[in-house]
Structure formats: C-alpha cells, structure tokens
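Commentary on secondary and tertiary structure
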Amino acid sequence: MAEQKVPILDLTRSFREIKPEVFSALERIFDAQSFILGREVETFERHCDKYLEVPEGSSVGCASGTDALLLALMAADIKPGDEVITTPFTFFATAGAVARLGGVPVFADIDPVTYNIDINDAMSRITPKTKIFLPVHLFGQMTPAEGVIDELHGRGIKIVEDTAQAFGAFRNADGKILRAGAVGDIGCYSFFPTKNLGGCGDGGMVLSRDKDTADRLRRLRVHGSGTTYYHDEIGINSRLDAIQAAILDIKLKHLEAWNEERRRIADYYRLLFKTNDLQEFVVPPAELEGNYHIYHQYVIRVKAKRDELMQYLNAEGFAVRVYYPLSLHLQPCFAYLGYHEGDLPQSEKLTREALALPVFPGLEAKEQEALAESIAKFFRK
Ligand SMILES: *Cc1c(COP(=O)(O)O)cnc(C)c1O
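Here's what I pulled together on the structure shown here. (Residues numbered from 1 in each chain as written. Predicted model: local features only at pLDDT ≥ 70, side-chain atom pairs only at ≥ 80, totals over all residues. Heavy atoms only, no water.)

1. Remarks on the overall build of the chain
Within the chain, the regular secondary structure consists of 11 helices and 15 strands. Since a compact globule built from 381 residues should have a radius of gyration of about 21 Å, the 21 Å found for the chain is in line with a globular shape. By its C-alpha atoms, the chain is 70 × 55 × 40 Å across when sized along the principal axes. In the chain, buried positions account for 57% of the 381 residues. (Helix = DSSP H or I, 4+ residues; strand = E, 2+ residues; numbered from the N terminus. Rg over C-alpha atoms; globule rule 2.2 N^0.38 Å. Buried < 20%, exposed > 50% of the residue type's maximum accessible area, 1.4 Å probe, protein only.)

Structure (structure tokens):
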C-alpha cells in the first residue's frame, strides 16, 4: 500500500467550514429538548421549498431516502400487483421500496451516455397494469422526463422521482428551469451522510407541489394521522429529527458552492484525461445538453480491465469504487421477476465498466493529478 491516500469521500474537509455553527445549533436543540419534527424541521422544510422553487409547504421531511420512496409510492396509491417502471442501474432502495409494497418493478434499460433510464424503452414497457414511472436522477444528473409527463398522466400513470443523489441538480428545458424532484408528482430525497446534501445520520424528504398530496405525505409520515390519535389511513413512522434538520439547514446554505466545486472537480478530471492521453481507455461521464449535473458521484467507463485498474489504484492509495456491480434485474432477490442475463444489455455492460473516482468538496487538484497519472501508468505499463 502506497503512503498517499485519497479517499473516495472525506466529509471532514467540508465539516471544518461549518463546525462552530453546527455546535451552536446542537446546543440550542439540547437546551430545548425537542427532538422530533417541530420548529427545526419546519424551518428546514420551508428553506427547501424556497431553494427548490416550489409552493410553500411542498417539502415534507422524513426518516430516510428509502422511507421517502415508500411514502411517495403509498401517496401514489400503489396496490399489490401494480407495475412500476424503473431503472435497473441504481441503488437497491429504488426497486426495493416498490417490492416492499407489493408492487412489481419493471426494469427498462438505461441510456448508455447518461446512465439514466432510457425513456423510450421505459415507455415501450407500459401495460394496463402500469401505475407509476420511477426515474432515478443517478449520480447527480437529471433524467429528462419532462417530455413524457403529459402522456403518462393521460394514461393514468404518476411520476415519482428518486432524487436521492441529486439535490440541487436541475435542467434547462427550452428556457424553463426544471429542478430535480420537482418535475413529476412526488420527489424523493435522501440525506444519508454521504449524499451531496447529507446529515449526521439518516434523513430524507418527500416533495409534492400539489397541496393535497403534500398534506397526505405529512399524515402518512405520522401513522396516517391528521389529528393526534385519529387515523385517516394507515401510514408509517418516518419523521425527520431536529438535529438532522438543523445540520441540513446549515449545509443547505453551502450547497450551491459545494455543488459548483463538484462541477469544477469534474471539469478538471476531464481535462486531466486529455492531458494524460487517456481517451482511448476511459470515458468521462457526459452531461446532457441543458443539464446542471451536480456530480454526486463521478463515474467513468473503463473500456477494458476495469477490475484490474480498480485493484491497482486501490493499492496505490486511491479509493475508487464500483457503483453498481450488479444490475438490479439480476439480483437474487428479484429472481422471481424472471429476468435473465442479456435482457438489459446496456445496464449489464455498465456494471462491467463503471468506476467511481473521488469527488467531494475539498478534494485537491494535486490529488486528482496524481490519480490521473496513476491511471496512465496502469495502462502504459
Ligand atoms: C441513497 C439512495 C436511496 C436511499 O436513501 P437512504 O437515505 O439511504 O434510505 C435511494 N435511492 C438512491 C438512488 C440512493 O442513492
């Protein structure tokens, strides 16, 4: 193992900036001894409304991104046997939430350029049982779904966006700014510590611009109760806590700068691949026209010897990782869905080629340079 160590993510570097503010918020919360929902959560939710440019009251904090998906699917009235069209190239929770509620995940293949769901393939998989379309804004880049929303609604299908990796991402569609999570019917966010807006524990949020849906989500997160001890429907216990909300509220003020820094890091990797003549070996992630990619992850394609490269880089002290090594349609837990190898070739190909490089606020140029040189050394040795 080489001396030099570049982690895949180092949260200590950005925490230094906000430490005094975080500690004074913690003192305020402990003095008040009010820990669940309450004023801190409401303040953060209203700031999210503003940041995401949605009507006041749209943002609803909850306990995790996984719960955000469960709550959204419940509010979209998913029933056992309903089909939900989604991507197989994502974190497990996306499809796991569907199956947990008795829904049937229907996987469409991905677009090889953006790694997001291929919208045309998704549309071709609609059946009379399709109830929900669930795109994921993977690695920080939006799926351009705005063009199919009217058609989906016309066919009685709701759009739930998995925005766990894309808080603050947006796209400019013919001059109209569309914010990730605020385009479809319900957006789902995660504040898991490693996300680009992350707390100091689990946390999440659901968002709906429709007031009735937002009110229903607010009830569903407290056991379906509108008035304490009176239950309109069966919900779950999924609340954001005051400590998470206060810390997230502090981080939200820095998010734009941090997302900008991620974009600068991405630009620099692209340049380094050129200056090191790596184009024939690796493909940098593409930003779709109009998209503001926030690079929650920086995932390249390695055309050959991905696993060997990963081992080599890890041994050289660079923490690189594979997101994701197995497409969801081939996971053992989804064998009952009947998919086989070869069914979704683009997703399967990417599981063999994807490699995530370090990207986080505070990553230094010299660390990126050393990594690029190491990649060059591997391919030329
Ligand atoms: C992280 C993540 C989730 C789940 O969020 P948790 O807060 O960890 O429950 C869901 N979907 C995607 C795409 C994610 O990356």
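2. Thoughts on helix α9 (residues 306–315)
The set of residues buried in α9 consists of Arg306, Leu309, Met310, Tyr312 and Leu313. Buried residues of α9, seen end-on, are gathered within an arc of 165 degrees and therefore sit on one face of the element. Residues of α9 that are buried sit in contact with β14 (298–302), α10 (345–353), β15 (354–357) and α11 (365–380). A positive phi of about 100 degrees marks Gly317, the residue just after α9. (Arc of directions from axis to C-beta. Contact = heavy atoms within 4.5 Å.)

3. A word on the pattern of salt bridges
Going through the model one piece at a time under the given rule, you end up with 23 salt bridges. A salt bridge links Asp49 to Arg46; the nearest nitrogen and oxygen atoms lie 2.7 Å apart. Taken together, the residues span about one helical turn, with Asp49 and Arg46 both in helix α2 (residues 38–51) at a distance of 3 residues. Overall, Arg46 belongs to the partly exposed group, its relative accessible area being 21%. Between Asp232 and Arg219 there is a salt bridge, and its shortest N-O distance comes to 3.7 Å. Remark: Arg219 occurs in helix α7 (residues 211–220) and Asp232 occurs in the loop between β11 (230–231) and α8 (242–275); sequence separation between them is 13 residues. Using a relative accessible area of 25% as the deciding quantity, one classes Arg219 as partly exposed. (Salt bridge = Lys/Arg side-chain N within 4 Å of Asp/Glu carboxyl O.)

Purely geometric stuff here, so don't read any function into it on its own.
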